[in-house]
Each structure stands twice: as structure tokens, then as C-alpha cells.
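Coordinate analysis (summary)
Chain by chain, the residues run as shown.
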Amino acid sequence: MYLPSSVLIKDVIVHLKERALRGKVLFKSFLCIFLLFNNLVISQQDPKKYQPVNIYGKLSELNPETEINRTEIEKLAPHDLGNLLQRVSGVSMRSYGGLGGMKTLSMRGLGGEHTKLLINDYPASNVQNGQTDFGLIQLDNIEKVSISLGNNQNHLTPISSQVMGSTIMLTTFENSFSHSKISGRASTTIGSFGQKEGFLALKKGGKSNFLSISGKYRDVDGSYPYQISMGDHTMDGTRRNNSFNEFFINLGGGIKWNGDTIKNRKHVLKLNAHVDASDKELPGAVILYNNTSDETLQTQNANVGANYTLLENKFRMRLFGVYNRRFLHYHDPSYFNQQGFLDNQYTTNSSTFGVNTTCKVNKFDFILGTDFEQSELKSNRESLGIPTRSTSNAMFKINYQTNYFEVNTALFNQFFIDKNRTISHEKYYNRLNPQFGIYSSEKLSKLFQFYAWYKHSLRPPSFNELYYSQIGNISLEPEETKQSNIGATFNKRMENTQLSFKWSGYYNLVDNKILALPTKNLFVWSITNVGKVEVLGTDFEMNLLHQFSTDLTVELNGNITYQTVEDISDRDSPTYKHQLAYTPKVSANSRLSAFYKNTSIHISSFYIGERYSLNQNNSANTLDPFLLFDTSLEYAFIFKKKHEIKVQAGVKNVFDKSYDFIRYFVMPGRNYFIKLSYELN
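Residues numbered from 1 in each chain as written. Predicted model: local features only at pLDDT ≥ 70, side-chain atom pairs only at ≥ 80, totals over all residues. Heavy atoms only, no water.

**Regarding the nonpolar core**
We apply this condition: For this analysis, a nonpolar core means a set of buried residues of the types Ala, Val, Leu, Ile, Met, Phe, Trp, Tyr and Cys, connected via side-chain atoms within 4.5 Å. Three exposure classes are used, based on accessible area relative to the maximum for each residue type with a 1.4 Å probe and protein chains only: buried under 20%, partly exposed in between, and exposed over 50%. Only DSSP runs of H or I reaching four residues or more are called helices, and only runs of E reaching two or more are called strands; each is numbered from the N terminus. Note on contacts: a residue pair qualifies if any of its non-hydrogen atoms lie within 4.5 Å across the two residues.
Leu81, Leu85, Val145, Ile147 and Ile168 are the most contacted members of the largest nonpolar core, which has 22 residues in total. With 4 residues, the single largest contributor to this core is strand β6 (residues 142-149). Excluding its chain neighbours within four sequence positions, the residues that come into contact with Val145 are Thr66, Glu67, Ile68, Ile73, Leu81, Leu84, Leu85, Ile168, Met169 and Leu170. Membership of the second largest hydrophobic core comes to 17 residues, among which are Leu328, Tyr330, Tyr346 and Leu384.

Shown next, in the form of C-alpha cells:
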């Protein structure tokens, strides 16, 4: 990722940014074989084997995909989705501030544009800049976060997500069925730097139907003190122009009904609508910071979607459609141009439709699917034109199951048409991309699972990269990525102890990487396909849970990632074989939780190793590593089995560490919060 200097950064923030690492497509093959062991079973599908160890349930098993349920989210008490995802192995987060600050990510060395965000199985990524600000996604209504790296095994998700480098899937409260006729949640949070939050959600229905609504409002002053090293001395200050407020409202409804009883046919229909808005001030890099900083950014987003699923013994089908409207307004009242201000407005409209089918014939599963998206961007900046993109993704996949292994192979077709009638630009992309995978089964070993996969994927340039003033390049080719992965999981239950491990090794190669390079000066940049990036990494995760007594349980989990993400574009370049900017080689997380009756305490740590602010890896560009600790205490009042009131208080950055993810974008020191929540089941 190439980060411009702090003056240019403010313009980059305007458009929720056009940089990060990117990805790749085309051809090649890979096969893997492996062996295993045997013994005992840990099966989450069979709760009769052993009972939950406490009111939180037993420890989730590790599998090739990472899942974070609502209980795990509450233990970490993250401010937003970005704050949560930075604790996932293989993720490098770019955070431009604390609560409310913009957050983008790189997954296994690939830029944020290679990660597809799904909310309730609907695509939610932004074609304008190709990625998502995860700092704007709150977690109060989230039931589960699933992260799939590479070979997505959920075959009913949109094909556009299965072809991507990785997928983040969110399941929400207002889009899921309930066992209760009436369920509800409410919470209020207050914290440091003027943090005030309120959340309310209600759901009526049961196992066969539901109607739901949820909403939240959040307001933060954001004026936190900071300390930053400036050469031989230290500078103290207070973050200014950093306040924001935001809200969201969600509506959902669903119904299930049975059809042919012989085929065990079931129908599921879900409808949902969402609206959110944010109004935030934009602080700059503190090295150039001044008291007159007054830039603001407003966003307004809305979507409506429908999802129908048909389930039979040997056949499944899903139809979906969703419409998204995104509005972004950037205002700088003191910009140095002829007008004396900058006022940029962008509106993106996208409509997506898709169908997925799976059919089982003996030991074979045949999966076929396609989706289509039409997007258009309008702006008050005439130089941008009116770009449109038509996207079609199709997949044919075959799964073959034996007693010991499951093997799958797939062929994806990615087709794009970019047009901009204002500047007479039209370009087509068409790629066929293979994917292979092999997974061991429980019959081979009840303790171990081994897996491997290989895939191609393509990431087209975003509208900003193609058309943005003084930067855009309509000659850009898509980034193409080859990804390969091998890994293993281990799960074992020993009386009152449960132990799980997961290991992955991966190699990614990016061609036609899109890089931003300065030309005349730091205000005039060019975007070109000059990059080639090689990624070599490994992740290791561990979960341990031990029940000391019926009242006391202790849980420990952690992960560590080591990855080299190197520029191999040009052997004669001074950055050849250098680590890409803001990508640490080492990152790690841990959490220790203790549960005693209705009380729990959680201590978590987060480590980011040494990294560089530019692609030239020298001492001047080096950023120091940092280690943070958070802690929280929670008590639950449970009455009449259906009502639960929780009180949670916590401290973040316990040791008041001064740190930054991005040079000169300072993060908050020690801060506090207290949360009161109520739940009806």
C-alpha cells in the first residue's frame, strides 16, 4: 500500500481511499494430498456428547473458516467491525483514528479490494473505491461474523464473493428466525471522549416467521489527548476536528413454509431494508496539524433486498436481489484553490441479482450460479464523468466426496464492461479462472482435518482509480492474483478440557498491481500497473478451555501471523524485495477470560510488529512496534429464564500506550467505557 504524504491523505480520505494492495486472475493448477490420524470426536453438531461448560456455551471448534459469534464479540467489546477484524489472523488493519476513524484492511497481503463484504448474504462493497470503511459498521445487531479465506464453502453465497480473495459475512439480528415469539435487545454505552450510544432491537415471530426492527445512534466528541515522538523530543496535543455522529435503522421480515413432504421441500423468503448516515469531522496527520482544520465527511447509505431459498433433500436454490444507494459528501471550507473551498459529492447506485443452485447425485455435488451487477457513479465533479460498470460472474463447481476426502474443482467466469460516455471510455474484461480444493473428513481422523486449495481471482480497477482527477488512468488493467493455501486443524476434548489448534501456510502472487506514484509533486500522482507483489505467510491459532468446577471456567485463545509482502516488480528498483508499506511481518492477538457464576472478566492483547510508512524499507520510514492491552468486567442478572440484564465496564489501552497504525495519525491513549444491556428471549 502506498500512502501519500499527510497533505494528500486528506484528499484520499475524501473518497474512502484509493490504495492498498490488490489482486489477480488467469490460469494455473495445483494439487495436494495428505494423511492423518484418528481418535476422539469434537462435534458441535452433537450436543449429547457433552454439555456446555457454562452459560456462554462451549468453545467453538476451529475450522478452515473463522467464525466469531455474538458472545465472542461481547467479550472483546470492539467499537466497530474494523476493531474486531484487526484481531483475526492474516489481517493487516489500516486505522486512521480511534472511535469513528476510517478503517480499511489488507487480507493476507492482498488489498482491501480483494475482500468482499456480505451482509445477510447481500453484497455490500462499494464500486467507487472498491473497498469498505469498516469503522462505519457497528456490531450491536450482529449475530455472527464469518471470515472465509480463499475457498468459500458456502455455495449459496453470491458468486462475486466466492471468486474473490476473501469474504467477510455478517448475519444480523433483524434477518434471522427466532425460537421465541417475542425477542428484544436494548443497550446504552457511555465512554471517554464524549462517547454516547443507544441501541434498540425488537423481533416478533417464531420458528416459521418473523418481523423485526433495530436501530442505533452514536455520538462522539473525539477530542482525545495524544503524545507523539518528533525526533529528539516528544509533542503533546489534543486531537481536534474529530467528532462524529451516526445512526442506522434496519427492517427485516421472513417466512418459512413446507412443500413436498417426500422430497422434504422447504421454502424460505426474507425481506430487509437498511438506512444509515454519518456526519464526521476529519482530522489530518498531526505533523501538519493546525487549529483551523475543518474538513468534514458525510455519508448516507440505503439498501433494500429480497432473498428466496428452496431446500430439498438433494437440491437447493437461492434467488436474491438487492439495490444499494451510497452518497458521500466531502467539504473543505478552506481549501487552497480559486474558489477557496472544496465541495465534492458522489452518489453510487448499484443493483445486483443472482441465482445459485446445488444438486447432489450420489457422491457428487454440482454447483452452478451466476450474478449480475449494474453500477453508476454521479458526481458534481465534471472531470469524473458518469462512469458505469456492468459485471457478470458465473461459476460451475463439482464436489466429490469419498469416505476420507472431499475434492472440489471450479471454473469462474468474470466479465466486466466499463463505460464513461462523458470522456468516451469503454473497456471490456473477460477472464476464466480455475479453483481447486481438497479437504479431509472426520472418517479419516476425528482429531485432525487437513485441507488445501488454489485459486485465481481478478480485481478490476475502481471508479476512483480510473477517473479520479489528476490521478485516474483509464488504461489500467485489472489486478490478477494466484492464491494457494495448505492448512490443518486439531480439536480434542479431554474430560473438562477442550483444545483446538489451526495452522495455515499460504503463497499469493499479484500481477498488474495498481500503484500510486508521485509525478510533478505530491499533489499530482499517477496510477499505473507497474506492480508485482509476492506474499508468503503463515498463521497459527490456539483455543483452550478448562472447566475447574461447575462455577469456574477459564478460556484462553490467541493467534500469530508472520507474512512477507514484498515488491518484486523490478530488480533494479530501490524497493525490490522490500516489504510493502504498513504491512507488519508479525502480528499477534490473545484473550484470557474467566467465568465465575454470572461474573466474567476478559483481558486481551494486540501486537503489531515493525513496519514501514513507505515501500522503501529504511530507518527513516520505520514505525515502531506496539503492544496494547484491554480489559473488561461483566456481570449478568438472569431472571425468569427469559430476561437478562448485563453490566459491562472496561478499559482500553490499559497502559496508556502512544501508538499509530498510520504515521502521524495518532490513536487514543487509555480510555474507558460502561455498558448496560437488556435482552429478552
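Here the narrative resumes, following the displayed structure.
**A word on the sheet that holds β6**
Rules: Here, strands pair whenever DSSP counts at least two bridges between them.
With mixed pairing, the 5 strands of this open sheet are ordered in space as β1-β6-β7-β4-β5. With partners counted over all chains shown, the strands left at the sheet margins are β1 (66-69) and β5 (122-123), one partner each. Examined bridge by bridge, strand β4 (residues 115-119) and β5 share 2 bridges and lie antiparallel to one another. Each bridged residue has a counterpart across the sheet, and for Ile119 the counterpart in β5 is Tyr122.

**What about the pairing of strand β14 (residues 266-281)?**
Here strand β13 (residues 244-258) pairs with β14 via 15 bridges, running antiparallel. What sits directly across from Lys256, in β14, is Val268. Inspection of the sheet shows β14 paired to strand β15 (residues 296-311) by 16 bridges, in the antiparallel sense. Residue pairing for β15: Ala273 is matched across the bridge by Val304.

**Observations regarding the pattern of salt bridges**
The criterion, for reference: The rule for a salt bridge is simple: a side-chain nitrogen of Lys or Arg has to be within 4 Å of a carboxyl oxygen of Asp or Glu.
Enumeration according to the criterion identifies 33 salt bridges in this entry. Among the ionic pairs, Arg108 bridges to Asp539, the shortest N-O distance being 3.4 Å. Taken together, the residues Arg108 in the loop between β3 (103-107) and β4 and Asp539 in strand β25 (residues 524-547) connect sequence positions 431 residues apart. Given a relative accessible area of 4%, Asp539 falls into the buried group. As a salt-bridge pair, Arg389 and Asp418 come within 2.6 Å of each other at their nearest N and O atoms. With Arg389 in strand β19 (residues 387-401) and Asp418 in strand β20 (residues 405-420), the pair connects residues that are 29 residues apart, well separated along the chain.

**With respect to the packing of aromatic side chains**
Condition: Two rings from Phe, Tyr or Trp (for Trp, the six-membered ring) form a pair when their centres sit within 6.5 Å of each other. Planes less than 30 degrees apart are called stacked, planes more than 60 degrees apart edge-to-face, and all others tilted. As a reminder, the over-ring test applies to NZ of lysine and CZ of arginine, requiring each to be within 6 Å of the ring centre and within 35 degrees of the ring normal.
Taken as a whole and assessed by the stated rule, the structure comprises 21 aromatic pairs. Measuring from ring centre to ring centre gives 4.9 Å for Phe177 and Phe210, while their planes differ by 85°; the resulting arrangement is edge-to-face. Placement of Phe177 in the loop between β7 (166-172) and β8 (182-191) and of Phe210 in strand β10 (residues 209-220) is noted, with a sequence separation of 33 residues between them. Look at Phe193 and Tyr224: their rings are 5.5 Å apart centre to centre, the planes differ by 55°, and that puts the pair in the tilted class. Of the two residues, Phe193 sits in the loop between β8 and β9 (195-205) while Tyr224 sits in the loop between β10 and β11 (225-230), which places them 31 residues apart along the sequence. Look at Phe193 and you get partly exposed, because its relative accessible area is 22%. For Tyr224, a relative accessible area of 2% translates into the label buried. Linked through ring pairs, Phe448, Phe450, Phe490, Phe501 and Phe540 together constitute an aromatic cluster. Above the face of the Phe173 ring, Lys203 is positioned so that its terminal group lies 4.2 Å from the ring centre. The ring of Phe210 carries Lys203 above its face, with NZ or CZ at 5.8 Å from the centroid.

**Quick word on the environment of Ile608**
In this structure, Ile608 sits in strand β28 (residues 599-608). Remark: the alpha-carbon pair of Ile608 and Phe661, spanning 53 residues in sequence, is separated by 8.6 Å. Discounting chain neighbours no more than four positions away, the residues touching Ile608 are Pro584, Val586, Ser587, Pro625, Phe626 and Phe661.

**Details of a nonpolar patch on the surface**
Inclusion rule: What makes a patch is a set of residues exposed beyond 30% relative accessible area and free of salt bridges, joined within 9 Å when like-charged and within 5 Å when nonpolar (Val, Leu, Ile, Met, Phe, Trp, Tyr). For accessible areas, the Shrake-Rupley method is used with a probe of radius 1.4 Å. Any residue's cover is judged against the shown protein chains and nothing else.
Residues Leu200, Leu202, Ile213, Tyr217, Phe247, Ile249, Leu251 and Val275 make up a contiguous nonpolar surface patch of about 680 Å² in total accessible area. Per-element accounting of the nonpolar patch gives the leading share, 3 residues, to β13. Classification of Ile249 as partly exposed rests on a relative accessible area of 38%.

**Thoughts on the side chain of Gln86**
Tracing the backbone through its elements, the reader meets Gln86 in the loop between α3 (81-85) and β2 (91-95). Not counting the four nearest positions on each side in its chain, Gln86 is found in contact with Val91, Met93, Asn589, Phe606 and Phe661.

**Remarks on the pairing of β8**
Bridge analysis of β8 against β9 gives 10 bridges, and the strand direction is antiparallel. Opposite Ile182, over in β9, you have Lys204 as the bridge partner. Count of turn residues in the β8/β9 antiparallel hairpin: 3 residues, of which Phe193 carries a positive phi of about 60°. Where β8 lies against strand β33 (residues 671-680), 8 bridges are found, and the strand directions are antiparallel. Considered in β33, the bridge of Thr188 is made with Leu676.

**Quick notes on unusual backbone geometry**
With a phi angle near 55°, Arg108 is a residue other than glycine that sits in the positive phi range. On the accessibility criterion, Arg108 (6% relative accessible area) is buried. Positive phi is not limited to glycine here, since Tyr582 has a value of about 60°. Relative to the assigned elements, Tyr582 resides in the loop between β26 (552-567) and β27 (586-596).

Everything listed here is a matter of coordinates, which is why it stays silent on function.
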